[in-house]
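Chain and residue survey
Here are the chains, one letter per residue:
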Amino acid sequence: MRFLLPVGLIATTLAIAPVRFDGDKVLRVKLQDEKQANIIKDLAKTSQLDFWYPDATHHVAANMTVDFQISAKESQFVESALDQNQMHYEILIHDVQEEVEKQFDVKEDNPGRHSYAKYNNWNKIVAWTEKMVHKNPKMVSRIKIGTTVEDNPLYVLKIAGKDKRRKAIFMDCGIHAREWISPAFCQWFVYQATKTYGKNKIMTKLLDRMNFYVLPVFNVDGYIWSWTQNRMWRKNRSRNQNSKCIGTDLNRNFNVSWNSFPNTNDPCQEIYRGPAPESEKETKAVSDFIRSHLKSIKAYITFHSYSQMLLFPYGYTSELPPNHKNLAKVAKIATDVLSTPYETHYTYGSIASTIYPTSGSSLDWAYNLGIKHTFAFELRDKGRFGFLLPESQIKPTCKETMLAVKFIVKYILKHTS
């Protein structure tokens, strides 16, 4: 990640210009062997590669496809190093700044208003949560579960039908700031659930028998920063002691195998785990809320992007959880269902074997807490746009994901006590 100013200044200077990415490229390299993997690792030491996939240098391995962003200034050097070593690569994005601007490709009828076909900034999302409660007072309530480092509220929307039975599902979106398609899905889910209740047989049944807790934006401060200052921001915005680098990766901050990967202990890394498990206000608020509702919560579903995967535990070990056959069966059918409207192909499996090993993730934490159905969606796409998915893909992404989520919830309703 590049910074145009020392990071300490960013937090204190309100009038700074947003980071621009003119001429930056996103390259995809297909690594044939260990030697090529080491070349990428060496390049990461000399050039500032912002890894898009996987999310850090230490995951880079033989036979892997690696996507990273490189500055205009350094791209020539990196490309010639790849050429010299006869490494196959393609340019996914020729100008990152152009793609940042082209994301907003859906025309607005009313620019000030919230729209399900567009990416909405934090102010619009807050206003939308109020509107949802106002429009559906019997079904929707808003719970403030805590605040962020910068004192923004963390809101969970509770959606329930007429029978206030105790089974519940917890869903969160936007744990990584730059993954904008994720909060877009949580908004879509709440909208569809309330709009189709009483009309759609399946949704009515699900809402009558289960409560849904939906956290539309987990990493509020980071999300705001990605809108106002740096579109590629990932972490939260907490200050780190004895470091000029800002932010903790909230999805490495949960109390599960937190200290197992030494590569997550550098505050300047995108996957910095924080000074202690649940050190971050956001992680603590979500953990406390889930712990206090543990008797009723039967499933935990978290939404990320990109790479089109449906993942289940574990990330911190290659061992599979006791009910992995059951999780794999659910994931297989869910991905089949998801592919029906647009033939979008998802892969599925455990985090460690399907994407890459992770420690301190919300998914593993929720599973080890006792929630035996935990899933993470990595939404569209497979890398053509990556984190810069155009708005024209929001609706199709949400529609197909909704089918998979409904299947998972139906299964949980039937198979959990």
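Cut-offs applied
Residues numbered from 1 in each chain as written. Predicted model: local features only at pLDDT ≥ 70, side-chain atom pairs only at ≥ 80, totals over all residues. Heavy atoms only, no water. UniProt positions renumbered as here; feature names shortened; annotations may be inferred. Pairing = 2+ DSSP bridges. Helix = DSSP H or I, 4+ residues; strand = E, 2+ residues; numbered from the N terminus. Axes fitted to C-alpha atoms, helices over the stretch in contact; angles between N-to-C directions. Contact = heavy atoms within 4.5 Å. Salt bridge = Lys/Arg side-chain N within 4 Å of Asp/Glu carboxyl O. Buried < 20%, exposed > 50% of the residue type's maximum accessible area, 1.4 Å probe, protein only. Expected span 1.5 Å × (residues − 1). Arc of directions from axis to C-beta. Core = buried A, V, L, I, M, F, W, Y, C linked by side-chain atoms within 4.5 Å. Domains from an automatic or database assignment. Disulfide = S-S within 2.5 Å. Buried area = accessible area lost by both parts, 1.4 Å probe.

An unreviewed UniProt entry annotates the protein chain as Carboxypeptidase B of Bos indicus x Bos taurus. Looking at the protein chain in UniProt, the text filed under Catalytic activity (unreviewed entry) is "Preferential release of a C-terminal lysine or arginine amino acid." Quoted verbatim from the Subcellular location (unreviewed entry) heading of the UniProt record, the comment on the protein chain is "Zymogen granule lumen".

Now for the sheet that holds strand β8 (residues 211–215). Pairing within the open sheet is mixed, and its 8 strands lie in the order β5-β6-β8-β7-β9-β12-β10-β11. Unpaired on one side and paired on the other, β5 (140–147) and β11 (347–350) mark the two borders of the sheet. Pairs of neighbouring strands in the sheet enclose a mean axial angle of 20°, with direction left out of account. The sheet contact formed by strand β7 (residues 168–173) and strand β9 (residues 297–305) spans 6 bridges and is parallel. By the bridge assignment for β9, M171 is matched with I301. Against the sheet, helix α6 (residues 181–196) touches β5, β6 (153–160), β7, β8, β9 and β12 (373–379), its axis set at about 140° to β7.

What follows concerns the pattern of salt bridges. Applying the stated rule across the entire model yields 19 salt bridges. A salt bridge links R291 to E278, with the shortest nitrogen-to-oxygen separation between them at 2.9 Å. Of the two residues, R291 sits in helix α9 (residues 281–292) while E278 sits in the loop between α8 (220–228) and α9, which places them 13 residues apart along the sequence. In this structure, K332 engages D336 in a salt bridge whose closest nitrogen and oxygen atoms are separated by 2.8 Å. Remark: D336 and K332 occur in helix α10 (residues 324–339); sequence separation between them is 4 residues, near one turn of the helix. Classification of K332 as partly exposed rests on a relative accessible area of 39%. With a relative accessible area of 39%, D336 lands in the partly exposed category. Here the salt bridges do not stand alone but share partners, grouping D55, R234, D249 and R252 into one network.

Turning our eyes to something else, we now look at helix α2 (residues 34–46). Given a rise of 1.5 Å per residue, 13 residues ought to cover 18 Å, and the 19 Å separating the end C-alpha atoms of α2 matches this to within 8%. Along α2, the residues classified as buried are Q36, A37, I39, I40 and L43. All buried residues of α2 fall inside an arc of 155° around its axis, so they share one side. Opposite the buried face of α2, by more than 90 degrees, sit the exposed residues K35, K45 and T46. Against the buried residues of α2 lie β1 (25–30), β2 (50–53), β3 (65–70) and α3 (72–84).

Attention now goes to the pairing of β8. Across the 5 residues that make up β8, a large majority, 5, are buried. With burial as the criterion, each face of β8 is covered, one bearing N211, Y213 and L215 and the other bearing F212 and V214. Here β6 pairs with β8 via 4 bridges, running antiparallel. Among the inter-strand pairings, K158 is bridged to a residue of β8, identified as Y213. Across 5 bridges, the pairing between β7 and β8 is parallel. Looking at the pairing, D172 lines up with L215 of β8.

Let us now look at the nonpolar core. Counting residues in each nonpolar core, the largest one holds 102 residues, and the members touching the most others are F170, F185, F189, F212, F377 and I408. Ranked by residues supplied to this core, first place goes to helix α13 (residues 394–415) with 11 residues. Counting only domains with at least three residues in this core, you end up with domain 1 (25–103) and domain 2 (122–416). Beyond its immediate chain neighbours, meaning those up to four positions away, F170 contacts V156, Y213, L215, V286, F289, I290, I297, A299, Y300 and I301. I40, L49, V66 and L82 belong to the second-largest nonpolar core, a separate cluster that totals 19 residues.

On to unusual backbone geometry. Cis geometry marks the peptide bond from S305 to Y306, where omega comes out at 0°. Topologically, Y306 is positioned in the loop between β9 and β10 (309–312). A cis amide bond, omega 0°, links R380 with the succeeding residue D381. Assignment of secondary structure puts D381 in the loop between β12 and α13. Although it is not a glycine, Q86 sits at a positive phi angle of roughly 50°.

For the rest of this paragraph, the subject is the state of the cysteines. Here the structure, examined in full by the defined rule, presents 2 disulfides. Each sulfur of the disulfide joining C173 and C186 lies 2.1 Å from the other. Of note, the bridge from C173 to C186 carries an S-S torsion of about 80° and is right-handed in sense. Taken together, the residues span a long stretch of sequence, with C173 in strand β7 and C186 in helix α6 at a distance of 13 residues. Owing to a relative accessible area of 0%, C186 belongs among the buried residues under this scheme. If you count the bonded cysteines of the protein chain from the N-terminus, they pair up as 1-2, 3-4.

What follows is about the domain arrangement of the protein chain. Its domain assignment divides the protein chain into domain 1 (25–103) and domain 2 (122–416). Taken over C-alpha atoms, the centre of domain 1 sits 28 Å from the centre of domain 2. Across the contact, 19 residues belong to domain 1 and 26 residues belong to domain 2. For the pair domain 1 and domain 2, the summed buried area comes to about 1900 Å², and 53% of that belongs to carbon and sulfur atoms. Three residues stand out in domain 1 for area buried against domain 2, namely W52, D55 and Q103, and they jointly supply 38% of the buried area on that side. Applying the counting rule to domain 1 against domain 2 returns 4 salt bridges.

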